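In case you want the letters, here they are:
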Amino acid sequence: MASVYDRHVDLPTFMEGVKKRNPGQDEFVQAVQEVAQDVFDFIEDKEEYHEAQILRRIVEPDRIVSFRVCWEDDNHCVRVQRGWRVQNNNAIGPYKGGIRFHPSVNESVLKFLAFEQTFKNSLTGLPMGGGKGGANFNPKGKSDSEVMRFCQSFMTELYRHIGPDTDVPAGDIGVGAREIGYMFGQYKRITNRWEGVLTGKGTEYGGSKMRPEATGYGAVYFLRNMLQHQGQDVEGKTAVVSGSGNVATHAAEKIVQLGGKVLTLSDSGGFIHDPDGIDQEKIDWVKALKNERRGRISEYVDHFTGASFHEGKRPWDVPCDVALPCATQNELNEAEARELVGNGCMAVAEGANMPTTLEGVKVFHDARILYGPGKAANAGGVAVSGLEMSQNSERISWNHERLGQMLTELMEGIHGKCVEFGEKGGHVDYVRGANIAGFKKVADAMLAFGVM
Ligand code: NDP
Ligand code: 2IT
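Sequence positions are assigned chain by chain, starting from 1 and proceeding in written order. By the order in which they are written, chains take letters starting at A while ligands take numbers starting at 1. pLDDT decides what is reported in this predicted model: residues at 70 or higher carry local features, side-chain atom pairs at 80 or more are listed and counted, and totals for whole chains, interfaces and linings draw on all residues regardless. Each side-chain value is derived from all of the structure's non-hydrogen atoms; neither hydrogens nor water enter the calculation.

Labelled according to an unreviewed UniProt entry, the chain appears under the name Glutamate dehydrogenase, originating from Qipengyuania mesophila. The Sequence similarities (unreviewed entry) field of the UniProt record for the chain holds the comment "Belongs to the Glu/Leu/Phe/Val dehydrogenases family." UniProt positions are given in the numbering used here, feature names are shortened, and annotations may be inferred rather than shown by experiment. Per UniProt, the chain carries the Subunit (unreviewed entry) text "Homohexamer."

Structural data, given as structure tokens:
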């Protein structure tokens, strides 16, 4: 009988082992399943990867640090949160990946994100390993001082586990310029060192000029690369975008710049549909709503006539040419994927991490539409983080134009790797391409190190 330690264990047996070792961690198991099905195929005839149990080792994080985060709210009540840093794999560079503050954060979510990050970072071609961190803290409705106190408390433990050559966190859901500023300040205060320990910093203190835009812009460049590979372009296309945070607003902005029309944005309260198109002026209004007034997307319809708000709903039934899920994991299910395909959607580029369920992905594959998974399509953010690390090490600063050019080239490079490993019979399976290209580099580095 096959056991998980057999050299040629099959995929179902391998996944049984993953489920058994990670009980109740559905998001993590989902992310592993998606990668394992492609990697199993790829390594079938490659004895060295079996012998060294490479996949079995990559699905076991190097370490997970979990800690208590105490802070005092504005009413002087003591609050207790849980913080984590998942250091998944540092074979090809220091651990690198964002920090998420959201009430839904738990170990499963951070393990799936750190696992995905390992392959994503490998795909960028830059020397970065995979990690992710966060806390079950909800920044919504909190004052600036409350957020500051939380961030300082969080960093008071995290600082011992990170460093510019060890682990370099950045932003993610609920962590933007404000939170990075508070955390960087606290790291500097505790260690008395100014060093590039976080990315996504303000440009006054070592941040890259392109980092805020990089994920959203990069996702649209990836979309453009997929379309152009089929002789199409973004110009004239209608786009449905979910989310209204950093990734969504910058993806919408780049779609508009390239001549497309954005029809929707959303948040956890519902989505807005603007048939006239969400132009730059409206996007700027949404950015101010979210970043300065910390408001809700429903307020959009009070300012722009002709738009409608759909409470508690997601935007996937709005007919479109292209779709960009840019909010959160599992926000696009099988039925919604069918709806998109049925309405003629020809391409999906994921700004978010794992926004489509496994069943939804299958619908896109069966329909043979262009489908760019998050680990490839949203890699522009971490790629520019990698550039920010280089700039900090060299004590230099590149301008917006130069970084824009580098981002475009990095996304082309990632697209090229997906095509190289994912093209079969005239169709590109971008999931397979991203998984195999991402895996191969990490796996080859691990082979070089021997058993550890
Ligand atoms: P933000 O915090 O800036 O925005 C998140 C957006 O998603 C908000 O509109 C938020 O709405 C919505 N959202 C969050 N959780 C849910 C939920 N459970 N249901 C519905 N809507 C939700 O985060 P980012 O834009 O930075 O991140 C968005 C996605 O992109 C995430 O998956 C993240 O991991 C991924 N990503 C981010 C990168 C970055 O550079 N920032 C890089 C690569 C990927 P609400 O305000 O109501 O919560
Ligand atoms: O999911 C991601 O790639 C991020 N949140 C960005 C990570 C980073 O280190 O810039």
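Chemist: Help me out: how do you make sense of the pairing of strand E3 (residues 95–101) in this one?
Modeler: Working note: regular strand, side chains alternate between the two faces of the sheet. Among the 7 residues in E3, 7 count as buried, and that is most of the element. Two strands make a pair as long as DSSP finds a minimum of two bridges between them. Secondary structure elements are defined from DSSP: runs of H or I of at least 4 residues count as helices, runs of E of at least 2 residues count as strands, and each element is numbered from the N terminus. Pairing geometry for E3 and strand E4 (residues 129–135), over 5 bridges, is parallel. Its bridge partner being in E4, lysine 96 is matched across the sheet by glycine 130. Whether a crossover is right-handed depends on one test, that the path from the first strand over the helix to the second runs clockwise when the strands point away from the viewer. Where the polypeptide runs from E3 across helix H5 (residues 107–124) and back to E4, its parallel neighbour, the crossover connection is right-handed. Across 4 bridges, E3 lies against strand E5 (residues 167–170) in parallel orientation. A 1.4 Å probe rolled over the protein chains alone gives each residue an accessible area, and that area as a share of the maximum for its type sets the label: buried under 20%, exposed over 50%, partly exposed in between.

Chemist: Which parts of the structure should I look at to understand the packing of aromatic side chains?
Modeler: Between two aromatic rings, the relevant description is the distance of the centres plus the angle of the planes. Two rings belonging to Phe, Tyr or Trp (six-membered ring only in the last case) form a pair when the distance between their centres is within 6.5 Å. Interplanar angles under 30 degrees mark stacking, angles over 60 mark edge-to-face geometry, and anything in between is tilted. Overall, the coordinates contain 20 aromatic pairs when judged by the stated rule. Between the aromatic rings of tryptophan 71 and phenylalanine 137, the centroid separation amounts to 5.3 Å while the plane-to-plane angle is 90 degrees, which identifies the pairing as edge-to-face. On the criterion of sequence distance, the pair formed by tryptophan 71 in strand E1 (residues 63–72) and phenylalanine 137 in the loop between E4 and helix H6 (144–158) is long-range, its members being 66 residues apart. For the residue pair tryptophan 71 and phenylalanine 137, the accessibility class agrees, reading buried in each case. On the numbers, 5.0 Å between centres and 70 degrees between planes, the contact of phenylalanine 115 with phenylalanine 119 is edge-to-face. Of the two residues, phenylalanine 115 and phenylalanine 119 are both situated in helix H5; the distance of 4 residues between them amounts to about one turn of the helix. Residue phenylalanine 115 shares its accessibility class with phenylalanine 119, and that shared class is buried.

Chemist: Looking at this structure, how should I read the nonpolar core?
Modeler: Across soluble globular proteins, you tend to see nonpolar side chains buried next to one another. Working definition of a nonpolar core: buried Ala, Val, Leu, Ile, Met, Phe, Trp, Tyr and Cys residues. They are joined through side-chain atoms within 4.5 Å. Among the nonpolar cores identified, the biggest contains 61 residues, and Phe222, Leu223 and Leu324 are the most heavily contacted of them. If you tally residues by element for this core, the top one is helix H8 (residues 211–229), at 9 residues. Those residues in contact with leucine 324 that lie beyond four places of it in its chain are Ala219, Val220, Leu223, Ala239, Val240, Val241, Ser242, Ala251, Ile255, Trp316 and Ala349. Ala52, Leu113, Phe115 and Phe439 belong to the second-largest nonpolar core, a separate cluster that totals 39 residues. Contacts are assigned to residue pairs with any non-hydrogen atoms lying within 4.5 Å of each other.

Chemist: I would appreciate a short explanation of the site of ligand 1 in the present structure.
Modeler: The environment of ligand 1 is made up of 26 residues, and the closest members are Lys140, Asp172, Thr215, Ser268 and Arg296. Polar contact criterion, stated in full: a pair of N or O atoms within 3.5 Å, where within protein one must be able to donate a hydrogen and the other to accept it, and residues adjacent in sequence count only if both atoms are side-chain atoms. A distance of 2.9 Å is found between an oxygen atom of ligand 1 and a backbone nitrogen or oxygen belonging to asparagine 246. Asparagine 353 is positioned such that a nitrogen or oxygen atom in its side chain is 2.8 Å from an oxygen atom of ligand 1. Calculation on ligand 1 without its partners gives an accessible area of 880 Å², and the protein chains cover 84% of this total. Of all the secondary structure elements, the ones that give two or more residues to the shell around ligand 1 are H8, helix H9 (246–257) and strand E7 (261–267). Polar here means any residue outside two lists: the nonpolar Ala, Val, Leu, Ile, Met, Phe, Trp, Tyr, Cys and Pro, and the charged Asp, Glu, Lys and Arg; Gly therefore counts as polar. Of the residues in the shell around ligand 1, the class split is 5 nonpolar, 13 polar and 8 charged. Throughout this document, a residue counts as near a molecule or strand when at least one of its heavy atoms sits within 4 Å of that molecule or strand. Note on areas: Shrake-Rupley, 1.4 Å probe, and residue coverage restricted to the protein chains presented here.

Chemist: Help me out: how do you make sense of the pattern of salt bridges in this one?
Modeler: When the charged atoms of two side chains lie near each other, side chains of opposite charge can form a pair. Whenever a carboxyl oxygen of Asp or Glu lies within 4 Å of a side-chain nitrogen of Lys or Arg, that contact is scored as a salt bridge. A full pass over the atoms with the stated rule returns 25 salt bridges. A salt bridge links glutamate 60 to arginine 56; its shortest N-O distance comes to 3.6 Å. In this structure glutamate 60 comes out as partly exposed when scored by relative accessible area, which is 37%. Overall, arginine 56 belongs to the buried group, its relative accessible area being 15%. The salt bridge partner of glutamate 195 is arginine 193, with a shortest N-O separation of 3.1 Å. Looking at glutamate 195, the relative accessible area reads 15%, which means it is buried.

Chemist: Help me out: how do you make sense of the sheet that holds strand E6 (residues 238–241) in this one?
Modeler: The strands making up a sheet associate through backbone hydrogen bonding, with each pair oriented either parallel or antiparallel. Across the sheet, which stays open at both edges, the 7 strands sit in the order E9-E8-E7-E6-E10-E11-E12 with mixed pairing between neighbours. Bordering the open sheet on either side are strand E9 (308–311) and strand E12 (370–372), each of which pairs with just one other strand. The average angle at which neighbouring strand axes cross in this sheet is 15 degrees, direction not considered. When strand E10 (residues 322–324) meets strand E11 (residues 347–349), the two strands line up parallel, connected through 2 bridges. What sits directly across from alanine 323, in E11, is valine 348. Between N-to-C directions, angles cover 0 to 180 degrees, with each direction set by a line fitted to C-alpha atoms, over the stretch in contact for helices. On top of the sheet, H9 reaches E6, E7 and E10; it is set at about 175 degrees to E7, its chief contact.

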